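# What the coordinates show
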Amino acid sequence: MKNKKDLLVRTITGFCLMLVLLPSVYFGGLYFLIVSIILSVIGTYELMNMFYKKHNNLKTMRYIMPIFSGLTVVSFYCGINYSMNSIMFIPYIIGIIFAMAFGIFKDGAESNDILSCITSITYGGLLLACAVSVEYLPIIKNEGYEVAHITGRLFIYLYSIVACTDMFAYLFGCKFGKHRLCEKISPKKSVEGAVAGLVLGSFVGTILGVVLKVVPIYAIENMTNKVLMIILLYIVSMIISATVQIGDLVASKLKRSYEIKDYGFIFPGHGGVMDRFDSLIFSGALFFVIMQIVYLFL
């Protein structure tokens, strides 16, 4: 009975999340920015609150570092949408300087206190800012290659890989999982589930990437080059999918180290922001970096 109740709560929460997140991705702009800021602030607070359990000096910093994370999200939005690249890392850097100053001038502060602050603003601020900024990135275009206007198509492609990797890893792990992947970190994860999530999550992402015209496949006339482009898209999808699972394991490792079940409780049945979006943060940040490299050669 308890499992059915938990599943019902988790399903209802997931549905409510979709009602908020899907419109924000579709409409983009300030709507998506506001949602991103809220997630960043809460996520950073969850991390700081976790560290506070073993580092009592962070009592006040729990409320200060999330501000710098939220500002980092804003700076990335301005940098991409208004060609203000010079300001993108300013809040993050100031946040780190503030954390170091705290470690120097706060009586009783230790090096671990500084590292906790830097980890929180990096994880919940910088990496999350990179991940959500995928929403604003332009797609790759060739001359004469026209595409329908779909806001955030790169983000939709990214999140399809995240969601499908998690889903297939869970389903195949429950059905066929026999060999533990990282038993000390996450006892329920299996090698079979991880492989299924990697292969099938990448496959779905590649299909959606072609459908959404994430890469200019339709503008390529040579069939061999089309196939090569699709293969390249699948390889990139696999890299993202692998990072999805790494991000999940990193989050689990932190929770196990600090002996907590969930980072927060804002999403009943799911936990906190960092519980729900840990995979997206790592994979999204990596995808953001990949796209920046691609743009250098365009």
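Residues numbered from 1 in each chain as written. Predicted model: local features only at pLDDT ≥ 70, side-chain atom pairs only at ≥ 80, totals over all residues. Heavy atoms only, no water.

Packed helices, taken two at a time, are described by their axes: the angle between them and the distance between them. Contact pair helix H3 (residues 61-81) / helix H5 (residues 111-133): the axes reach a minimum separation of 9 Å and the direction vectors enclose 25°. As judged from the angle between their axes, H3 and H5 are roughly parallel. Along this stretch, H3 crosses H5, giving a crossing that reads as right-handed. Across from Met-61, Met-65, Phe-68, Ser-69, Thr-72, Val-73, Phe-76 and Ile-80 in H3, the residues of H5 making contact are Cys-117, Ser-120, Ile-121, Gly-124, Gly-125, Leu-126, Leu-128, Ala-129, Cys-130, Val-132 and Ser-133. (Axes fitted to C-alpha atoms, helices over the stretch in contact; angles between N-to-C directions. Helix = DSSP H or I, 4+ residues; strand = E, 2+ residues; numbered from the N terminus. Parallel < 35°, antiparallel > 145°, perpendicular 65-115°, else oblique. Left-handed = near helix turned anticlockwise from the far one by under 90°. Contact = heavy atoms within 4.5 Å.)

In this section: the pattern of salt bridges. Summed over the entire model, instances satisfying the criterion amount to 3 salt bridges. Note that Lys-255 and Asp-275 form a salt bridge whose closest N and O atoms lie 2.9 Å from each other. Of this pair, Lys-255 sits in helix H8 (residues 223-257) while Asp-275 is found in helix H9 (residues 273-296), placing the two residues 20 residues apart along the sequence. You'll find Lys-255 and Asp-275 in the same group, each marked buried. (Salt bridge = Lys/Arg side-chain N within 4 Å of Asp/Glu carboxyl O. Buried < 20%, exposed > 50% of the residue type's maximum accessible area, 1.4 Å probe, protein only.)

A few words now on a nonpolar patch on the surface. A cluster of nonpolar residues, Phe-15, Leu-19, Val-20, Tyr-26, Phe-27 and Tyr-31, forms a patch on the protein surface that exposes about 680 Å² of accessible area. Within the secondary structure layout, Leu-19 lies in helix H1 (residues 2-27). (Patch = residues over 30% accessible without salt bridge, like charges linked within 9 Å, V, L, I, M, F, W, Y side chains within 5 Å. Areas by Shrake-Rupley, 256 points an atom, 1.4 Å probe, with all protein chains shown as cover.)

The next point concerns the packing of aromatic side chains. This structure, assessed with the given rule, holds 15 aromatic pairs. The interplanar angle of 85° and the centroid separation of 5.8 Å between the aromatic rings of Phe-32 and Tyr-136 together place this pair among those described as edge-to-face. Here Phe-32 is found in helix H2 (residues 29-52), whereas its partner Tyr-136 is found in the loop between H5 and helix H6 (153-176), with 104 residues between them in sequence. This pair shows no difference in class: Phe-32 is buried, exactly as Tyr-136 is. Taking 5.3 Å as the distance between ring centres and 80° as the angle between the ring planes, the aromatic pair formed by Phe-51 and Tyr-258 counts as edge-to-face. Remark: Tyr-258 occurs in the loop between H8 and H9 and Phe-51 occurs in helix H2; sequence separation between them is 207 residues. Like Phe-51, the residue Tyr-258 is buried in the burial classification. Here the aromatic cluster, defined as three or more aromatic residues joined through ring pairs, consists of Phe-32, Tyr-77, Tyr-82, Tyr-136, Phe-155 and Tyr-159. Against the face of Tyr-258 rests Lys-54, its NZ or CZ located 5.0 Å from the ring centre. Directly above the aromatic system of Tyr-52 lies the positively charged group of Arg-62, at a separation of 4.2 Å from the ring centroid. (Phe/Tyr/Trp six-rings, centres within 6.5 Å; stacked < 30°, edge-to-face > 60°. Lys NZ or Arg CZ within 6 Å of the ring centre and 35° of its normal.)

As a further point, take H5. Between its first and last C-alpha atoms H5 spans 31 Å; for 23 residues at 1.5 Å apiece the expected length is 33 Å, and the two agree. Along H5, the largest kink reaches about 35° and is centred on Thr-122. Counting buried positions along H5 yields 17 of 23 residues, so the element is predominantly enclosed. (Expected span 1.5 Å × (residues − 1). Bend = angle between axes of the 7 residues up to and from the residue.)

Turning next to the pairing of strand S2 (residues 186-190). As paired elements, strand S1 (residues 180-182) and S2 share 2 bridges and run antiparallel to each other. Among the inter-strand pairings, Cys-182 is bridged to a residue of S2, identified as Ser-186. Counting the residues between successive antiparallel strands, the hairpin from S1 to S2 contains 3 residues. (Pairing = 2+ DSSP bridges.)

All told, the structure shown has 0 disulfides when counted by the stated rule. Free of any disulfide, Cys-117 has its nearest cysteine sulfur in Cys-130, 20 Å distant. Overall, the relative accessible area of 0% leaves Cys-117 in the buried class. With no disulfide of its own, Cys-130 lies 15 Å from the sulfur of Cys-78, the closest cysteine sulfur. (Disulfide = S-S within 2.5 Å.)

Function cannot be inferred from these measures alone, as they are strictly geometric.
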